[in-house]
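Residue strings, one per chain:
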Amino acid sequence: MSDMTAGLDSGIETAARIPSRRRGWVDALVRSVGPIVLALLTGAILLAIIGRDPIAFYDDVLKAGLFRASGLQDTITRTAPVLLVGAGLIVAFRAGLWNLGSDGQYLLAAAFVAGVAPGLLASVPVAIGWILLAFLGMAVGAAWTIVPAWLRGRYGVNEIITTLMMSFIGVGLAALLVKGPFDGPSTVPQTSVIDPAGMLLDLPDVRIHIGVFLALFVSAAVYWLFARTAFGTRMDVLGANPRAAVHVGIDVPRLTLVTFMLSGALIGLAAAVDIVGVFSYMRADWNPAYGLKVVPLVFLARLNALAMIPFAVFFGVMSIGGAYATRRADLPGDFLLVLIGLVLLFMVLTQYLSDKRERGESLLPRRTRIANAHA
Amino acid sequence: MTLGADRSDVAARRTTPDQLTPTVELIEITKAFPGVIANDHISLVAMPGEVLCLLGENGAGKSTLMSIISGLYQPDSGRIKVGGNEVRIHSPRHGRELGVGMVYQHLSLIPTLTVLENLMMGANPGIVLDQRSARTRLAELASALGVAVDPDVRAGSLALGQQQHIEIIKALWSGSRLLILDEPTSMLTPQGAMELQGVLRGLTARGLAIIFITHKLHEAIAIGDRVAVLKLGRVVGTMGPDELAAAPPQELQERIITMMFGEAHAPDAEVAELREPAVAARAAAVVTAEPLLELVDVSAVGADGQHGIQHVSLTVHGGEVVGVAGIDGNGQRAFAEVIAGQRRQIAGEIRLAGTSIDRTSVSARQRMGLRYVTDDRLGEGVVASWPVSINLVLKRIGQMPYWNRGTVDRSAIETTARELIEEFDIRTPSPQTRIGKLSGGNIQKAIIAREVAFEPKVVVFNKPTHGLDVRTTHAVRERIGEMTRQGVAVVVISSDLDELIDVCDRVAVLDAGRLVGIVENGPGAETRIGELIVGAAAAVPIPA
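Here we look at the overall build of chain A
(1) Moving on: Helix and strand counts for chain A stand at 16 helices and 0 strands.
(2) Moving on: Excluding contacts between residues fewer than 6 apart, the proportion of contacts in chain A whose partners are at least 24 apart in sequence is 80%.

Observations regarding the overall build of chain B
(1) Moving on: Helices and strands together make up the secondary structure of chain B, namely 21 helices and 22 strands.
(2) Moving on: Counting over 544 residues, chain B shows a buried share of 51%.

Here's the deal with the sheet that holds strand S1 (residues 24–33) of chain B
All names here are of chain B.
(1) Moving on: Ordered in space as S2-S1-S4-S5, the 4 strands form an open sheet in which the pairing is antiparallel. In this open sheet, the two strands that pair with only one neighbour each are strand S2 (36–46) and strand S5 (85–87). Neighbouring strand axes in the sheet, compared pairwise and without regard to direction, differ in orientation by 30 degrees on average.
(2) Moving on: The sheet contact formed by S1 and S2 spans 7 bridges and is antiparallel.

Side note on unusual backbone geometry
Residue and element names in this part refer to chain B.
(1) Moving on: Omega for the peptide link from Met 400 to Pro 401 comes to -5 degrees, which places this bond in the cis form.
(2) Moving on: Inspection of the secondary structure puts Pro 401 in the loop between helix H16 (388–392) and strand S17 (403–404).
(3) Moving on: A positive phi angle, near 50 degrees, is found at His 311, a position not held by glycine.
(4) Moving on: Examined against the element boundaries, His 311 turns out to sit in strand S12 (residues 309–317).
(5) Moving on: Among the residues examined, His 311 registers 14 C-beta atoms within 10 Å and is labelled partly exposed.

Concerning the packing of helix H4 (residues 69–94) of chain A against helix H13 (residues 291–300) of chain A
All names here are of chain A.
(1) Moving on: Where H4 meets H13, the axes come as close as 9 Å, and the angle between the chain directions of the two elements is 65 degrees. Classified by the angle their axes make, H4 and H13 are roughly perpendicular. Of the two possible hands of crossing, H4 and H13 adopt the one that is right-handed. Contacts from Val 82, Val 85, Gly 86, Leu 89, Ile 90 and Phe 93 in H4 reach Gly 291, Val 294, Val 295, Leu 297 and Val 298 in H13.
(2) Moving on: Each residue belonging to the contact of H4 with H13 can be placed in one class, and the counts come to 9 nonpolar, 2 polar and no charged.

A short note on helix H6 (residues 160–172) of chain B
Owing to its 3.6 residues per turn, the α-helix aligns residues three or four sequence positions apart on the same side.
(1) Moving on: Taking 1.5 Å per residue, 13 residues should reach 18 Å; H6 of chain B reaches 18 Å between its end C-alpha atoms and fits that length.
(2) Moving on: Among all positions in H6 of chain B, only Gly 161, Gln 163, Gln 164, His 165, Ile 166, Glu 167, Ile 168, Ile 169, Lys 170, Ala 171 and Leu 172 of chain B are buried.

Let's talk about the packing of helix H18 (residues 440–452) of chain B against helix H19 (residues 470–485) of chain B
All names here are of chain B.
(1) Moving on: Where H18 meets H19, the closest approach of the two axes is 10 Å, and the angle between their N-to-C directions is 10 degrees. As far as their axial angle goes, H19 and H18 are roughly parallel. On H19, the residues touching Gly 441, Gln 444, Lys 445, Ile 448 and Val 452 of H18 are Thr 472, Val 476, Arg 479 and Met 483.
(2) Moving on: Split by residue class, the contact of H18 with H19 holds 4 nonpolar, 3 polar and 2 charged.

Quick look at the sheet that holds strand S16 (residues 370–373) of chain B
Residues and elements named next belong to chain B.
(1) Moving on: One open sheet accounts for 6 strands, arranged S16-S19-S20-S13-S21-S22; its pairing is mixed. Bordering the open sheet on either side are S16 and strand S22 (514–520), each of which pairs with just one other strand. With direction set aside, neighbouring strand axes in the sheet form an average angle of 20 degrees.
(2) Moving on: Direction of pairing for strand S13 (residues 321–325) relative to strand S20 (residues 489–493): parallel, over a ladder of 4 bridges. In the strand pairing of S20, Val 322 is matched with Val 491.
(3) Moving on: Together, S16 and strand S19 (458–462) form the strand contacts of H18, whose direction differs from that of S16 by roughly 175 degrees.
(4) Moving on: The strands touched by H19 are S13, S19 and S20; relative to S20, the strand with the most contacts, the crossing angle is about 150 degrees.

Some remarks on the nonpolar core
Among soluble globular proteins, nonpolar side chains are generally buried collectively.
(1) Moving on: Core analysis: the largest hydrophobic core is formed by 187 residues, its most contacted members being Leu 84, Ala 110, Ala 111, Val 113 and Val 276 of chain A.
(2) Moving on: With 16 residues, helix H12 (residues 252–279) of chain A is the largest single contributor of residues to this core.
(3) Moving on: When residues of this core are assigned to domains, at least three map to each of domain 3 (284–369 + 455–544) and domain 4 (383–453) of chain B.
(4) Moving on: If sequence neighbours within four positions are ignored, Ala 111 of chain A has contacts with Ala 174, Leu 177, Val 178, Phe 182 and Met 282 of chain A.

Description of the environment of Leu 121 of chain A
Residue and element names in this part refer to chain A.
(1) Moving on: Take Leu 121: it is sitting in helix H5 (residues 102–123).
(2) Moving on: The sequence separation of Leu 121 and Ser 167 amounts to 46 residues, and the corresponding C-alpha distance is 28 Å.
(3) Moving on: Look past the residues within four positions of Leu 121 in its chain and what remains in contact with it is Val 126, Gly 129, Ile 194, Asp 195 and Gly 198.

Description of the confidence of the model for chain A
(1) Moving on: Confidence in the prediction for chain A averages 86 pLDDT; 89% of positions are at 70 or higher.
(2) Moving on: Scored below 50 in pLDDT, residues 1–21 of chain A shows 56 contacts in the model against residues more than four places distant or in partner chains.

Considering the pairing of S20 of chain B
The side chains of a regular strand alternate between both faces of the sheet.
Residues and elements named next belong to chain B.
(1) Moving on: The element S20 is extensively covered by neighbouring structure, given that 5 of its 5 residues are classed as buried.
(2) Moving on: Neither face of S20 is open: one carries Ala 489, Val 491 and Ile 493, the other Val 490 and Val 492, and all of them are buried.
(3) Moving on: Bridge count for S19 against S20 is 5 bridges, and the pairing is parallel. Residue pairing across strands places Val 459 opposite Val 490, the latter belonging to S20.
(4) Moving on: Each parallel crossover has a hand, and for S19 linked through H19 to S20 it is right-handed.

A look at the confidence of the model for chain B
Low pLDDT means the predicted coordinates in that region are not meant to be read closely.
All names here are of chain B.
(1) Moving on: For chain B, per-residue confidence averages 82 on the pLDDT scale, and 85% of positions sit at 70 or higher.
(2) Moving on: This stretch, residues 264–284, has a pLDDT under 50; its non-local contacts, to residues over four places away or in other chains, come to 36 contacts.
(3) Moving on: Considering only residues more than four positions removed or in separate chains, one finds that residues 536–544, a stretch of pLDDT under 50, has 15 contacts.
(4) Moving on: The ipTM, which scores confidence in the relative placement of chains, is 0.80 for this predicted complex, and the corresponding pTM is 0.73.

A short note on the environment of Asp 376 of chain B
(1) Moving on: When you line up the elements, Asp 376 of chain B lands in the loop between S16 and helix H15 (377–381).
(2) Moving on: A sequence separation of 65 residues divides Asp 376 of chain B from Gly 441 of chain B, and the C-alpha atoms of the two residues are 13 Å apart.

Describing H5 of chain A
(1) Moving on: Given a rise of 1.5 Å per residue, 22 residues ought to cover 32 Å, and the 31 Å separating the end C-alpha atoms of H5 of chain A matches this to within 8%.
(2) Moving on: Along H5 of chain A, the sharpest change in direction is near 45 degrees and occurs at Ala 117 of chain A; proline Pro 118 of chain A comes one to four residues later.

Reading the values: the criteria
- Residues numbered from 1 in each chain as written.
- Chains lettered and ligands numbered in written order.
- Predicted model: local features only at pLDDT ≥ 70, side-chain atom pairs only at ≥ 80, totals over all residues.
- Helix = DSSP H or I, 4+ residues; strand = E, 2+ residues; numbered from the N terminus.
- Contact = placed C-beta atoms within 7 Å.
- Buried ≥ 20, exposed ≤ 12 C-beta atoms within 10 Å, placed from the backbone.
- Pairing = 2+ DSSP bridges.
- Axes fitted to C-alpha atoms, helices over the stretch in contact; angles between N-to-C directions.
- Parallel < 35°, antiparallel > 145°, perpendicular 65-115°, else oblique.
- Left-handed = near helix turned anticlockwise from the far one by under 90°.
- Nonpolar A, V, L, I, M, F, W, Y, C, P; charged D, E, K, R; others polar.
- Expected span 1.5 Å × (residues − 1).
- Core = buried A, V, L, I, M, F, W, Y, C linked by C-beta atoms within 7 Å.
- Domains from an automatic or database assignment.
- pLDDT = per-residue confidence, 0-100.
- Right-handed = clockwise from strand over helix to strand, strands pointing away.
- Bend = angle between axes of the 7 residues up to and from the residue.

See below:
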């Protein structure tokens, strides 16, 4: 504990109580939604600078992503993998474990599911096939976290580096699998296609598959895990104060492994749902790269799996509507990444300012304040 | 109640007239945090050439006030004058530029760098470090302090007292007018503390103003030209040089205690401060024949450059308090952690009530009644951002009745928390308050409550009263006495010799990870232990 925080702690403790209720709720909302609003505004300015009409652009985003029936269905479908990857990241992050290898875990699970699914779904009842494929995705995702988790838990090796490295290997290995053992009959390197009868059921009259409900259920379960269970509390202790975790007798190496595997399993489940729910096959060069796009959302949701739901919808609108809008505005699809980057930037800024306010400092930059003082 | 209102006597001691301007003057400083007013219209004056001692319980607002002077916090209202000019100290850097030097309780030198490198690092370095002028400056300041300093020795190889001298030099490096020392003697040996007094005297003779924060009344009386007592964010009493000179220390001490706690608490606090031996009280303790904790030839490696322990053997019986003395960093932490199970032993055997626990996990040892009150309260003892209630059951996660088949029962936790808060007199607004917001003393009470509740057999206390105020210290020592009456075996690890003499039956001395002797408490024990410790103090090499 640094001297600074020690000073803070012994400073706050005291005496007379003043009747001030924290506006904690409003604060949380500002911190979560503020960065998105600021990013969209800055995005608008950027659009204006490069000669596009920002209003028309955002209008297109909303129209294609939200107000058009087909767009809304795509948006909702898209929330499924985002929620599941998000749940996986939340599990790890809350335990203070930086699983930044979700792309490798996702893609490797996708490759296995896409490689096995067509044959499996043709030979067993589809419902059983789905369950087996879900477990397959989870097992592959979990397996890919074992090495970083073990190195971290046993030897304290920085998991940011190991998960990123494992992610590169995983992405490459997934492509190899699709080109090799899982290659289908098509001339391009891709797996066989799942028969339409084997795909996840859609809800009546819409193109929204039941995997979305699975994702919502998993989000609620992860929320419950942290809110109510001893297992979740242990992960929270590990994340909040790893030395306290050792002190209170938590088996840290074991918990690290279990947490990492759970994280990887949820990410692998996202891949299974995507393949069997939406894509039906996998090409060797395919990579939706959810991982790093979902990370900022997870933090905006303050590592709360239920609060993640609106952000997943936002992400869905932006990616489905954004794809349409960028095409219409003749911009590269990567413009969405610019917006996500801006969200990250403003998130850090909002955090900085609200920390400053908590310390009772002025929000104005220092130079201005000195000038004011002299005025 | 502004200090320095009466200046006539001060003027008599001045050599030059301009020294009459206070170095730093605080006027009606108020600072509130959510839920508390840490500083409530505090006015204080630090005069050049004087030591102002700031006394107060944990949570009296001392740290906040010093953070305001050093520029870390901004006051909500009130004014600060430095050298007669009103200023806004908007950052610690600005504070340093204005001549406010701060020495924190915990030393912050980088052990692998040399003394000179440490000092150059702290001095707002440009791209190129100017070694030659740094050497000159170091020699200059070392002679001002009256100490010998080797610029090229690694900071980590210095004794704590010497490291503190370097910290003081660092604080004075760019020309300080005010030096703030936050509990500077808490890590020092008695000799080191005496030496520090001499250093401070030398500095005030050169016109420096010093603010000296301490818990120890006798120190404040010995060192201070003025004494100010803070309580609940207010200045509740001050003493000027006249008053300090007029009365004998004994009487001053009583007056200060009255200021701090009011009349009612004076006798209590006095007992703790003057350490009336608790030996008599413990005559009633039942020392059973049964050894509850046995260490047989135990060795373990240390962490963070500290000593491990080598071939330590020690037996503690029920109803007995065994002290472990020694200078910090001589294996105390490894000793405590290996008993708690947090650190793996590389040799030897540990038995709890006759049963070997070598392969028993931390939480199983906890369930068996072996408890460890850590000295690193915020670092590992609690999750600071969590409520008091859950911190009180932090070592029982997943256990009945707080977790039922893995699912939390919040009302059970709440009930137990309320009971413990009541029983252990933990001052908290509610069980839901974040524990990090409580004062150090109340955090310690919560940790002790957690360890001592639920039928302990053996309790290891690591520096149980370090940094606590007089009253809490007394309460903690009472608690230790009470446990022995219930037949609990207690180990108290402390670098405070007075404390060990006060509470222990026997005192073992750790030197460089080895147990160099065990002394029965009684007449002359203090000297004997002191000799063993000082023998240790002569050489504290850190093994490779």
